[in-house]
Amino acid sequence: MSVTSAKGLHPRTQAVHHGTRRSQYGEMAEAIFLTQGFVYDSAAQAEARFVESGPDEFIYARYGNPTSRMFEDRIAALEGTEDAFATASGMAAVNGAMFSLCSPGDHVVAARALFGSCLYVLDLLAKFGVEVSYVDGTDLDQWKAAIRPGTKAVFFESVSNPGLEVIDMQAVADLAHAAGAQVVVDNVFATPVFSRAVDMGADIVVYSATKHIDGGGRALAGVICGTRDFIRGTAEPYLKHTGGAISPFHSWIMLNGLATMDLRVRAQAQSAETIARALQGHAGLSRVIYPGLADHPQHDLAMRQMGSGGTMIAIEVAGGKDAAFAALDRLNIIKISNNLGDAKSIVTHPATTTHQRLSDENKAQLGITPGLLRLSVGLEDAQDLIDDLVNALNG
Ligand SMILES: *Cc1c(COP(=O)(O)O)cnc(C)c1O
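All figures in this text were calculated on a predicted structure; none of them were measured in a lab.

Draft legend 1. Seen up close, the site of the ligand. In the vicinity of the ligand, 14 residues are found, and the nearest of them are Gly90, Asp186, Ser208, Thr210 and Lys211. Measuring from an oxygen atom of the ligand, one finds a backbone N or O atom of Met91 at 2.9 Å. Asp186 is positioned with one of its side-chain polar atoms (N or O) 2.7 Å from a nitrogen atom of the ligand. Calculation on the ligand without its partners gives an accessible area of 390 Å², and the protein chains cover 91% of this total. A per-class count over the shell around the ligand returns 7 nonpolar, 4 polar and 3 charged.

Draft legend 2. Quick look at the environment of Ala84. Inspection of the secondary structure puts Ala84 in strand E3 (residues 83-87). The spacing of Ala84 and Ile231 is 147 residues in sequence and 6.1 Å in space, taken between C-alpha atoms. Apart from the residues within four sequence positions on either side, Ala84 is in contact with Arg69, Glu72, Ile75, Ala76, Val223, Ile224, Cys225, Ile231 and Arg232.

Draft legend 3. Representation of the domain arrangement of the protein. Splitting the protein by domain gives domain 1 (10-257) and domain 2 (263-394). On a C-alpha basis, the centres of domain 1 and domain 2 stand 27 Å from each other. Domain 1 puts 38 residues into the contact, and the matching count from domain 2 is 34 residues. Buried surface at the junction of domain 1 and domain 2, summed over both partners, amounts to about 2900 Å²; 62% is from carbon and sulfur atoms. One can count 1 salt bridge joining domain 1 with domain 2. Applying the counting rule to domain 1 against domain 2 returns 11 residue pairs in polar contact (both at pLDDT 80 or more).

Draft legend 4. Looking closely at the pairing of strand E14 (residues 372-376). Among the 5 residues of E14, 5 are classified as buried, and the element is accordingly described as predominantly covered. Both faces of E14 are covered, namely the face carrying Leu372, Arg374 and Ser376 and the face carrying Leu373 and Leu375. As paired elements, strand E13 (residues 346-348) and E14 share 3 bridges and run antiparallel to each other. Directly across from Thr348, in E14, lies its bridge partner Arg374.

Draft legend 5. Looking closely at helix H7 (residues 169-178). All buried positions along H7 are accounted for by Met169, Ala171, Val172, Ala173 and Ala176. Residues of H7 that are buried in the fold lie against helix H6 (140-146), strand E6 (153-157), strand E7 (182-186) and helix H11 (299-306). Taken from the residues just after H7, Gly180 is the one with a positive phi, measuring 85°.

Draft legend 6. A look at a nonpolar patch on the surface. A contiguous nonpolar surface patch, about 280 Å² in accessible area, is contributed by Ile32, Leu34 and Phe249. By secondary structure assignment, the location of Phe249 is in helix H10 (residues 248-279). The partly exposed category is assigned to Phe249, whose relative accessible area is 37%.

Draft legend 7. Spotlight on the nonpolar core. Judged by nonpolar contacts, the single largest core of 61 residues is most densely connected at Phe71, Trp143, Val154, Phe156 and Ile213. The biggest single contributor to this core is H10, with 7 residues. Both domains that meet at this core, namely domain 1 (10-257) and domain 2 (263-394), each give it at least three residues. Each residue touching Ile213, except ones within four places of it in the same chain, is listed here: Phe71, Ile75, Tyr207, Met254, Gly257, Leu258, Met261 and Arg264. Phe99, Ala110, Leu125 and Phe230 belong to the second-largest nonpolar core, a separate cluster that totals 33 residues.

Draft legend 8. Looking closely at the sheet that holds E14. Within the open sheet, the 5 strands sit side by side as E10-E11-E14-E13-E12. Their pairing is mixed. For this open sheet the edge positions go to strand E10 (285-289) and strand E12 (335-336), each flanked by a neighbour on one side alone. In the packing of H10 onto the sheet, contacts are made with E10, strand E11 (312-317) and E14, and the angle to E11 comes to roughly 20°.

Procedures and definitions
Residues numbered from 1 in each chain as written. Predicted model: local features only at pLDDT ≥ 70, side-chain atom pairs only at ≥ 80, totals over all residues. Heavy atoms only, no water. Near = heavy atom within 4 Å. Polar contact = N/O pair within 3.5 Å; in protein donor to acceptor, adjacent residues only side chain to side chain. Areas by Shrake-Rupley, 256 points an atom, 1.4 Å probe, with all protein chains shown as cover. Nonpolar A, V, L, I, M, F, W, Y, C, P; charged D, E, K, R; others polar. Helix = DSSP H or I, 4+ residues; strand = E, 2+ residues; numbered from the N terminus. Contact = heavy atoms within 4.5 Å. Domains from an automatic or database assignment. Buried area = accessible area lost by both parts, 1.4 Å probe. Salt bridge = Lys/Arg side-chain N within 4 Å of Asp/Glu carboxyl O. Buried < 20%, exposed > 50% of the residue type's maximum accessible area, 1.4 Å probe, protein only. Pairing = 2+ DSSP bridges. Patch = residues over 30% accessible without salt bridge, like charges linked within 9 Å, V, L, I, M, F, W, Y side chains within 5 Å. Core = buried A, V, L, I, M, F, W, Y, C linked by side-chain atoms within 4.5 Å. Axes fitted to C-alpha atoms, helices over the stretch in contact; angles between N-to-C directions.

What follows is the structure in structure tokens.
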């Protein structure tokens, strides 16, 4: 087996080539090693491998697999981390990172504006004796007040779901590191294209690969990126024994997704900016939230941190839930669903779907109003999407 390295080359070259393993057949496309087990030449070899296995020596697909290894190597190169562990979903990655890192008695500080399932994982940590403090992620004073010597980790989404608040990663990381805390970033909305979180102080970066990495809404997957020490010494033992491993078939889908991710995400973000500008001032909307617009509260930070407003827009329909539902039902091209980062544009009503579980008070705190819609901009023609939205809002 030969392994291709594109280390030191530009991200788009890495995204196509890095980590490719070729068998003795020299196949061009990455092979799907759809096998749970591996054959040993001898009993002694089996014994040796269970004692210590090298990077290309596999035991069982729950521990690792050649196709998954290609995906892990490639995303680690793109992210700029030493290693990565691929998981069955984004939530397996969040769960794996946080549960392998924390012990009872530890203290975690998290931004309040989080994906519902991420909040669930933090509640679960609290149930097992981890103290979790919540802050407004955009307010550095609150981070400063909550982080204390001995805090184990901070956790936040670099761009929050669905309110699109942008968190100053470097500033939070500096506060965390001064207290000896690890910085865990859920970088899904920012994507590896727009922000290499480790360059801004993150120690551990988690992705739901289900979103922009797949890019076609086909498969669930996740990945944890970090130091070799953390990935192989801490995260892998937890994940391999608790069953969070990715399917080799899904790793293959994600490998192919990575090859086109840069082109897709840049095109989607460009359309998102065009659409956000076109919707600004529309009489049917009370707010257009897009980090790429100058009126976004963290616009300057977003430009510094991502160089783009990203692929997501939040809009607030004037007239609340009824008006929002009526607009949703008039859309033709944009689909009502709850994924994001897909080639197909998708619109979500967070208050009644992804964030339904939150209390009214929590929803209000996070800006999840009855009229709020989250739009994931796809690869369709931007003008067709604008026409679809304006038509739906005009009624
Ligand atoms: C979707 C999402 C997740 C969970 O990912 P799954 O692949 O659905 O398990 C976690 N964090 C954020 C920000 C997400 O958007």
